[in-house]
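Chains, contacts and geometry: an overview
Spelled out, the chains give:
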Amino acid sequence: MSADVPDVRQTRLDNYVDRYAARTKGMTASEIRALFSVASRPEVVSLAGGMPNIGGLPLDVVGGAVRDLAIDNGAVAMQYGSGQGDPVLRDQICDVMRLEGIDAHPDDVVVTVGSQQAVDLVTRVFCDPGDVVICEAPSYVGALGVFRAYQCEVVHVAMDDDGVVPEALEQAIASVRAAGKRIKFFYTIPNFHNPAGVSLANQRRQRVLEICQQADLLILEDNPYGLLGFDGEPQRALRADDREGVIYLGSFSKTFAPGFRVGWAVAPHAVREKLVLAQESATLCPPVFSQLAISSYLTRHDWLGQVKQFREMYRERRDAMLAALTEKMPAATTWTRPGGGFYVWLTLPDGLDAKAMLPRAVTARVAYVPGTAFFADGFGSQCMRLSYCHPTPERITEGVGRLAAVIHEELELRQTFGPLPPGAGHDYDAPGPELS
Ligand SMILES: Cc1ncc(COP(=O)(O)O)c(C=O)c1O
């Protein structure tokens, strides 16, 4: 390059800025990531992350299974494998799903890189830019990120303490179609919802199935928390009552460990074929070592006993969070009471904004995820997600106390200076998937 012609490559921050595919516009980095790097400091109580507490796992058993796998079956475990997933593991996955009333054949199962990849593959197979996906309000941040990346339009449907409101679902389907748009599926988390912390009531399940059947609308049932209920038997899956109209997603991330990255999809036959082709083009095959390690863990260990221990640990933490909220939160703050899973959804008193308040909360050494992360349309600013899965009960009590103090101060500020102007404090994007 001659001295008098400036090299534009040296003057631009990103030389490729005008060359990226349109879909990358939906892939925004989180500006609150910086805040969360502070939030991960030990003095901050993080009620933000949804990381399972794998400290309770029998690491010696897992270690033994992994070592034996490498020594006895390494040539297979470290080789490429089937795009659909290991047949023995798929058979074991059918046993797991039988606990929720699903009667599936191993041929119906596609193993994926966590259920996150299953959401991606289903969207890749079904959605063109502009297609509509109906989601609950709020919905899982990681799924919203996928829908955004495939340039889908998300339409949210109201929930209450009993899960999605059937009449709202019916209305949403009708009004989207009346506007001439194509809906590809209804994405739902029926059990111990992330982030809402509620479950679809028994008496609503049949109604939701009927509405979708009448509308000829596919359901994408995402169920990573189904076995983590604190009371009674696992709920019957939607898929158990409709084999053709529901794609079911499961995961070992919450009942075992997320680091293996093994989840699965169960789909009607023709869809399953497409998912396998999509899986092969994305990864060739899901990780064989992880699959065989999980398969061996399921065979060698009382894994259901382990899930029971997890449930007891999470129940204790849920109880600590609900007790602290009841004791410390100001009047007019409301929250859900989860019967399982990891999350409580909290609504602040009128006039408060969870996004605007976050920097002050982090300064007070407590972190949460603002509700706007869980909406595609900017709603949720009065809400936040609180996770009780990772901190100890004592830390949860401490964290809720700090949060309540921040909310009290915020209320005093509002009383002194009046409410924030609309839109104030809304200047950053949803958090990235590390907060899922
Ligand atoms: C509702 C929901 N779906 C899917 C996932 C992704 O889980 P994984 O990819 O680890 O199986 C999560 C993780 O938090 C989740 O909460």
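Preceding block: the structure.
Residues numbered from 1 in each chain as written. Predicted model: local features only at pLDDT ≥ 70, side-chain atom pairs only at ≥ 80, totals over all residues. Heavy atoms only, no water.

The next point concerns the pattern of salt bridges. For the structure on display, the rule yields 20 salt bridges. Across the pair Glu210 and Arg207 runs a salt bridge, and its minimum N-O distance is 3.3 Å. Within this pair, Glu210 and its partner Arg207 are both found in helix 8 (residues 202-214), separated by three residues, close to a single helical turn. You can call Glu210 partly exposed: its relative accessible area is 31%. One network of salt bridges, in which partners are shared, links Asp128, Asp131, Arg182 and Lys184. (Salt bridge = Lys/Arg side-chain N within 4 Å of Asp/Glu carboxyl O. Helix = DSSP H or I, 4+ residues; strand = E, 2+ residues; numbered from the N terminus. Buried < 20%, exposed > 50% of the residue type's maximum accessible area, 1.4 Å probe, protein only.)

Let us look at the packing of helix 12 (residues 354-363) against helix 13 (residues 393-417). Following both chains from N to C, one finds helix 12 and helix 13 inclined at 130 degrees, their axes separated by 10 Å at the closest point. As the angle between them shows, helix 12 and helix 13 are arranged oblique. As helix 12 packs across helix 13, the resulting crossing turns out to be right-handed. From helix 12, Met357, Arg360 and Ala361 reach across to helix 13, where they touch Leu403, Val406, Ile407, Glu410 and Arg414. (Axes fitted to C-alpha atoms, helices over the stretch in contact; angles between N-to-C directions. Parallel < 35°, antiparallel > 145°, perpendicular 65-115°, else oblique. Left-handed = near helix turned anticlockwise from the far one by under 90°. Contact = heavy atoms within 4.5 Å.)

Let's shift gears to helix 9 (residues 269-283). For helix 9, which comprises 15 residues, the first-to-last C-alpha distance of 21 Å matches the rise-based estimate of 21 Å (1.5 Å per residue) to within 8%. Three or more residues of helix 9 are buried, namely Val271, Arg272, Leu275, Val276, Ala278 and Gln279. (Expected span 1.5 Å × (residues − 1).)

Applying the stated criterion across every chain, the model contains 14 aromatic pairs. Measuring from centroid to centroid gives 5.2 Å for Tyr225 and Phe342, while their planes differ by 70 degrees, and the two rings are edge-to-face. Of this pair, Tyr225 sits in the loop between strand 7 (219-222) and strand 8 (246-251) while Phe342 sits in the loop between strand 10 (334-335) and strand 11 (343-347), and the two are 117 residues apart along the sequence. Here Tyr225 falls in the buried class, since its relative accessible area comes to 2%. Measuring from ring centre to ring centre gives 6.5 Å for Phe375 and Phe379, while their planes differ by 45 degrees; the resulting arrangement is tilted. Aromatic ring contacts, followed pair by pair, group Tyr225, Phe310, Tyr314, Phe342 and Tyr343 into a single cluster. (Phe/Tyr/Trp six-rings, centres within 6.5 Å; stacked < 30°, edge-to-face > 60°.)

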